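Letter by letter, the chains look like this.
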Amino acid sequence: MAKGTFRSLRFHNFRLWAGASLVSNVGSWMQRTAQDWLVLTVLTHNNATAVGVVVALQFAPQVLLLPLTGFAADHFDKRKLIFATQTAMGLLALGLGLLVYTGLARLWQVDVFALLLGCVAAFDMPVRQVFVGELVGEADLANAVALNSTLFNAARMLGPAVAGILIAAVGTGAVFLLNAASFVAVLAALALLRGEALHRHPRAEKRRGSLAEGVRYIWQRPDLKAALLMLLLVGMFGLNFPIFISTMSVAVFHSGASQFGVLTSMMAIGSVVGALLAARRGRPDMGVLLVGVLIFGIGCAVAAVMPNYLLFGLALVVVGVATQIFTTSTNSLVQLSTAPHMRGRVLAILLAVALGGTPLGAPIVGWVADRFGPRAALGVGAASGFAAAIIAVIYLTRRASVGVTVGADKPHEA
């Protein structure tokens, strides 16, 4: 197996996919920044709860559609399914962009579009995660997952900063329209992939109870249960960065749109570093997850008490590093520990846990920000990291007590 942080880029299909994904993800992060700013400062008067509701609507379908999304990822042609979901997401961005650009957008319309986008993304995200394995094969899967995450966070570094400048210069509507155009890159890449070079996984047998089979698979695996429970806690109360950053920016530091975008980009700088660190490793284990959530908790706690804009931004860099070490390593650990024919359903459950927990946690975190202030909301995020660390310690202790090497769980073939 080839070595090196960027070894997956030797595959033509992965290079093509990576370039297109970077363009599309920059557009998506531009839209997310514009959406948060639109809801917080234009459609409401600095209402963090309203931002939390939009976030919740966008991620709730990860749970509600779980019986369908994992099934689709394991049973349908992944390339065709991604083409359909990316087309739908581009059209939704176009529709919302036209409403915002013409000045007709209302809060309820943003809520509706967030829900529709969440429904499409619920199908898009698990199949895209599994599709990365078909671009490079099993031997380079962990590296490809980490590099994919690096590109995603490079886009998160660029997108918000560009969005902040564009919002100040031409308004939020133009940002949504540019995001709609960015989906053309992914659609073109999908059309140009070399089909004969894809490492296709066998499709799962179609039968009833596919989701229940995925749940049983996870339930029999202590390593997967521990990782997903940690992800649930952090996803529910810790990964609410639209609320954390927007409320700290507006209510505490009294910043404008450009400064808000820069804060999001500073966290993304840390995320890129964290993803690259994950890419250098081989197979991750529970020890890596423990380090990630501990640093995440400490980073959120430090960010909560920072006295000025610059120091808060520097703390966000640390939070970004920790977030990516944890989430990227969790993704790789779960994929590499899961049999290929079960991977779509298990990843759908993973994404439902990570993102579907947000609808439960975001309104609570938003209420804490409104009632007790943004710093208290960040304290909730810190607590989620420390609680996840306790779960990892319990798992590692139990594994050590029975004399089994941590990280030795292997994929079950049936």
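Residues numbered from 1 in each chain as written. Predicted model: local features only at pLDDT ≥ 70, side-chain atom pairs only at ≥ 80, totals over all residues. Heavy atoms only, no water.

Enquirer: I tried to follow the overall build of the chain on my own but got confused; where do I start?
Expert: Broken down by element type, the chain carries 17 helices and zero strands. A compact globule built from 414 residues would reach a C-alpha radius of gyration of about 22 Å, and the chain, at 20 Å, matches this within 12%. The principal-axis extents of the C-alpha atoms in the chain amount to approximately 55 × 50 × 40 Å. Scored against the burial criterion, the 414 residues of the chain give a buried share of 59%. A sequence separation of at least 24 residues applies to 87% of the contacts in the chain between residues at least 6 apart. On the chain, roughly 16,000 Å² of surface is accessible, and the fraction owed to carbon and sulfur atoms is 70%. Charged side chains of the chain number 30 positive and 16 negative; the gap between the two group centres comes to 3 Å. (Helix = DSSP H or I, 4+ residues; strand = E, 2+ residues; numbered from the N terminus. Rg over C-alpha atoms; globule rule 2.2 N^0.38 Å. Buried < 20%, exposed > 50% of the residue type's maximum accessible area, 1.4 Å probe, protein only. Contact = heavy atoms within 4.5 Å. Areas by Shrake-Rupley, 256 points an atom, 1.4 Å probe, with all protein chains shown as cover. Lys, Arg positive; Asp, Glu negative; His and termini not counted. Charge placed at Lys NZ, Arg CZ, Asp CG, Glu CD.)

Enquirer: Before we go on, may I ask you to explain the nonpolar core in this structure?
Expert: It is characteristic of soluble globular proteins that their nonpolar side chains tend to be buried jointly. Judged by nonpolar contacts, the single largest core of 95 residues is most densely connected at Met230, Met286 and Phe312. With nine residues, helix H15 (residues 343-356) is the largest single contributor of residues to this core. Among the nonpolar cores identified, the runner-up in size contains 24 residues, and Trp17, Ala73, Val127 and Ala278 belong to it. (Core = buried A, V, L, I, M, F, W, Y, C linked by side-chain atoms within 4.5 Å.)

Enquirer: Explain the confidence of the model for the chain to me, please; I cannot follow it from the model alone.
Expert: Detailed reading of the predicted coordinates is not advisable wherever pLDDT falls low. Taken as a whole, the chain shows an average pLDDT of 84; of its residues, 92% reach a score of 70 or greater. Between the elements of the chain, mean pLDDT differs from a low of 75, seen in H15, to a high of 94, seen in helix H13 (residues 286-304). (pLDDT = per-residue confidence, 0-100.)

Enquirer: It is not clear to me how the packing of aromatic side chains should be interpreted in this structure. Could you clarify?
Expert: One pass over the full model with this rule turns up six aromatic pairs. Centroid distance Phe241 to Phe244: 6.1 Å. Interplanar angle 70°. Geometry classified as edge-to-face. Residue Phe241 and its partner Phe244 are located together in helix H11 (residues 241-252), separated by three residues, close to a single helical turn. Side by side, Phe241 and Phe244 carry an identical accessibility label, which is buried. Between the aromatic rings of Phe241 and Phe296, the centroid separation amounts to 6.4 Å while the plane-to-plane angle is 70°, which identifies the pairing as edge-to-face. Of this pair, Phe241 sits in helix H11 while Phe296 sits in helix H13, and the two are 55 residues apart along the sequence. Looking at Phe241, the relative accessible area reads 10%, which means it is buried. A network of ring pairs unites the aromatic residues Phe241, Phe244 and Phe296 as a single cluster. (Phe/Tyr/Trp six-rings, centres within 6.5 Å; stacked < 30°, edge-to-face > 60°.)

Enquirer: What is the right way to read the domain arrangement of the chain from this model?
Expert: One frequent convention defines the size of an interface as the accessible area lost when the parts assemble. The domain boundaries assigned to the chain delineate domain 1 (10-200) and domain 2 (209-402). On a C-alpha basis, the centroid separation for the pair domain 1 and domain 2 is 19 Å. If you look at the interface, domain 1 gives 48 residues, while domain 2 gives 51 residues. Interface area for domain 1 against domain 2, summed over the two sides, is near 4,000 Å², with a carbon-plus-sulfur share of 72%. In terms of surface lost to domain 2, no three residues of domain 1 exceed Trp37, Asp74 and Arg156, which account for 14% of the buried area on that side. (Domains from an automatic or database assignment. Buried area = accessible area lost by both parts, 1.4 Å probe.)

Enquirer: Even after reading the chapter, I still don't get a nonpolar patch on the surface, so can you show me in this structure?
Expert: Together, Leu294, Ile298, Val302 and Phe386 make up an exposed nonpolar region whose accessible area comes to about 310 Å². Counting residues per element, the nonpolar patch draws most heavily on H13, which supplies three residues. Along the chain, Leu294 turns up in helix H13. Residue classification places Leu294 among the partly exposed positions, given a relative accessible area of 36%. (Patch = residues over 30% accessible without salt bridge, like charges linked within 9 Å, V, L, I, M, F, W, Y side chains within 5 Å. Salt bridge = Lys/Arg side-chain N within 4 Å of Asp/Glu carboxyl O.)

Enquirer: Whenever I open this one, helix H7 (residues 141-170) confuses me. Can you help?
Expert: For an α-helix, the turn length of 3.6 residues means that residues three or four places apart are oriented alike. Taking 1.5 Å of rise per residue, 30 residues should cover 44 Å, and H7 covers 41 Å from first to last C-alpha, within 8% of that figure. Note on H7: the residue one or two positions beyond its end, Gly171, has a positive phi of about 95°. (Expected span 1.5 Å × (residues − 1).)

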